[in-house]
Amino acid sequence: MTPLDFSNLAQIIQIASIAKYAFLAILILYVIFAFVVFNQVRVMNRIISTPPVSVILTIISFLHLIIAFSLFLFSLVIL
Amino acid sequence: MQRGDSMPDIFIPENRPVNDTHDENAHLKLTKENHIHALSSFCQNPVGISFQNQEEDEEVLLFLRRHFITNIPWIFISLVLSLVPPLLFILNIKIPILFFSVPENFLIVFIVFYYLVVFIYAFISFITWYYNISLVTQKRVVDIDFSDIVYHDVAMTKLNLIEDVNYTQTGFIRSFFNYGDVFVQTAGEKLHFDFLAVPNPANAVNITENLIGGRK
């Protein structure tokens, strides 16, 4: 196996695109994970309710989901 | 012959109010009601808490959660992890690192993602602590376990099924901060209820024992 030659532009572009798709795949998984977290917080709030903290935790987990999804869209555009 | 003509009444019960079905717990209610805040770990007669399947006349007498001091490890780890990128930037000024030779757009996305991961680590650690709750009502013991984000377990047992309550408090830190493990043995389907690292375990055992005494 020959070592990578970074002076080769095509090779650099190929590495960049692999990194981009790998990163986007990780971000998709992260968005799904963020949704699971949000859903679990809602389920737990149904089991035990301690207002107003329960509401605050739901809002935080929802904001986290929004930020994760925004990061995914942002990555689609700038990467 | 009419009743009462020949034999005098020895005991005539007074008219008792209708809603005093739980008088045996009256001594526990003498303690004032307490509002639970976000970081409460031990609360007697808490106000502002309700759980699934709670009956209308059921009141929570004791609220337990792990001592807040048990959160120190994840708080420390989160702080250290959040300081890593700024430290790397400072280090990069003196010694150029390969990491910073990556394109700027990748770097921005990576740093935002890194902080999201640190945040979710701290958030999950907090909710794992927050939703691991044990409750003692005048009717039953409720143990809510939540871990690894996808697992939760809600177990309940009636007070008359409780056979024994005891606690252990070992080690310097536990003695210093006064927290320990409370174990409840029952004759129900779930044989053990473990309230781990709860503050003031002696008091928790005492309250539960008083309730069992009142029931048996």
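Everything that follows concerns the structure shown earlier in this document.
Scoring rules and cut-offs
- Residues numbered from 1 in each chain as written.
- Chains lettered and ligands numbered in written order.
- Predicted model: local features only at pLDDT ≥ 70, side-chain atom pairs only at ≥ 80, totals over all residues.
- Heavy atoms only, no water.
- Pairing = 2+ DSSP bridges.
- Helix = DSSP H or I, 4+ residues; strand = E, 2+ residues; numbered from the N terminus.
- Axes fitted to C-alpha atoms, helices over the stretch in contact; angles between N-to-C directions.
- Buried < 20%, exposed > 50% of the residue type's maximum accessible area, 1.4 Å probe, protein only.
- Contact = heavy atoms within 4.5 Å.
- Patch = residues over 30% accessible without salt bridge, like charges linked within 9 Å, V, L, I, M, F, W, Y side chains within 5 Å.
- Areas by Shrake-Rupley, 256 points an atom, 1.4 Å probe, with all protein chains shown as cover.
- Salt bridge = Lys/Arg side-chain N within 4 Å of Asp/Glu carboxyl O.
- Expected span 1.5 Å × (residues − 1).
- Bend = angle between axes of the 7 residues up to and from the residue.

Draft legend 1. Representation of the sheet that holds strand S11 (residues 192-199) of chain B. All names here are of chain B. On the basis of which strands lie adjacent, the open sheet formed by three strands has the order S9-S10-S11 and antiparallel pairing. Each of the sheet's edge strands pairs with one partner strand only, and the pair in question is strand S9 (162-168) and S11. Neighbour-to-neighbour, the strand axes of this sheet turn through a mean angle of 15 degrees, independent of strand direction. One ladder, built from six bridges, connects strand S10 (residues 179-186) with S11; its direction is antiparallel. Directly across from Phe-183, in S11, lies its bridge partner Asp-194.

Draft legend 2. Representation of the side chain of Gln40(A). Inspection of the secondary structure puts Gln40(A) in helix H1 (residues 9-47). By relative accessible area, which is 12% here, Gln40(A) ends up buried. Beyond its immediate stretch of four places on either side in the chain, Gln40(A) contacts Phe146(B), Ile149(B), Val150(B) and His152(B).

Draft legend 3. Broad picture of the sheet that holds strand S8 (residues 151-158) of chain B. Pairing is antiparallel across the open sheet formed by five strands, whose spatial order is S2-S5-S6-S7-S8 (chain B). Two strands lie at the open edges of the sheet, namely strand S2 (42-44) and S8 of chain B, each paired on one side alone. Adjacent strand axes in the sheet meet at a mean angle of 10 degrees, parallel and antiparallel pairs treated alike. Pairing of strand S6 (residues 133-137) of chain B with strand S7 (residues 140-147) of chain B, which is carried by four bridges, proceeds in the antiparallel orientation. Residue pairing for S7(B): Leu135(B) is matched across the bridge by Val142(B). Packing against the sheet, H1(A) makes contact with S7 and S8 of chain B, and its axis sits at approximately 10 degrees to S8(B).

Draft legend 4. Representation of a nonpolar patch on the surface within the structure. Taken together, the side chains of Ile28(A), Leu29(A), Ile32(A), Val36(A) and Val150(B) present a nonpolar region at the surface, about 450 Å² in accessible area. Tracing the backbone through its elements, the reader meets Ile32(A) in helix H1.

Draft legend 5. Examining helix H2 (residues 72-94) of chain B more closely. Residues and elements named next belong to chain B. Look at H2: 33 Å from first C-alpha to last across 23 residues, which is about the 33 Å you get at 1.5 Å a residue. In H2, a bend of some 35 degrees at Val-84 exceeds every other bend along the element, and Pro-85, a proline, comes one to four places later. Within the span of H2, buried status applies to Trp-74, Ser-78 and Pro-85. For H2, the elements touching its buried residues are helix H3 (104-130).

Read these as geometric descriptors, not functional statements.
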